[in-house]
Amino acid sequence: MAHLTASSDYRFGRTHDRRVGVRARRGLGRVNGFLKSLIEAIADSKMRRIERELELRGYRYDRSSHHWMPYDSGPADTRKV
C-alpha cells in the first residue's frame, strides 16, 4: 500500500472536474426558480380566495381607484352579489 503524504491532492469521493460545480449551480438555479414559481402560485391563490371572500361579504374591487368599495347600500334581498 502506498503511503500518502499530507501534501497529497487526493480527497475521498471528490472529483477534480470543474463542470460539476457549474452543473450544481445550474441545478440550484432551477430549484430556486421552481420554488419561486411555487410561492407565487400559492400567493396568487390566497389573494384570489381573499378577494372572493370579500366579494361574498359585500365588497367589490374598484380597479380605477385600486380600493375595495362596499356595494351600494340598499335592501339586502335586492342587492346583486
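Not measured: the values here are computed from a predicted model. (Residues numbered from 1 in each chain as written. Predicted model: local features only at pLDDT ≥ 70, side-chain atom pairs only at ≥ 80, totals over all residues. Heavy atoms only, no water.)

Each helix and strand counted, the chain has one helix and two strands in total. A burial count over the chain gives 2% of its 81 residues as buried. Total accessible area computed for the chain in this model is approximately 8000 Å², and 56% of it derives from carbon and sulfur atoms. (Helix = DSSP H or I, 4+ residues; strand = E, 2+ residues; numbered from the N terminus. Buried < 20%, exposed > 50% of the residue type's maximum accessible area, 1.4 Å probe, protein only. Areas by Shrake-Rupley, 256 points an atom, 1.4 Å probe, with all protein chains shown as cover.)

A separate point is the pattern of salt bridges. Opposite charge on two side chains allows them to pair when their charged atoms are near. A complete count under the given rule lists one salt bridge for this structure. Among the salt bridges present, the one from R57 reaches E53, with a minimum N-O distance of 2.6 Å. Classification of R57 as exposed rests on a relative accessible area of 58%. (Salt bridge = Lys/Arg side-chain N within 4 Å of Asp/Glu carboxyl O.)

Glancing now at the pairing of strand 2 (residues 67-70). Relative to strand 2, strand 1 (residues 59-62) is paired through four bridges, and the arrangement is antiparallel. Of the residues in strand 2, the one forming a bridge with Y59 is P70. Hairpin connection, strand 1 to strand 2: the antiparallel pair is bridged by four residues, and H66 has positive phi, about 60 degrees. (Pairing = 2+ DSSP bridges.)

Turning our eyes to something else, we now look at the confidence of the model for the chain. For the chain, per-residue confidence averages 77 on the pLDDT scale, and 64% of positions sit at 70 or higher. The least confident element of the chain is strand 1, whose mean pLDDT is 82; the most confident is helix 1 (residues 19-56), at 89. (pLDDT = per-residue confidence, 0-100.)

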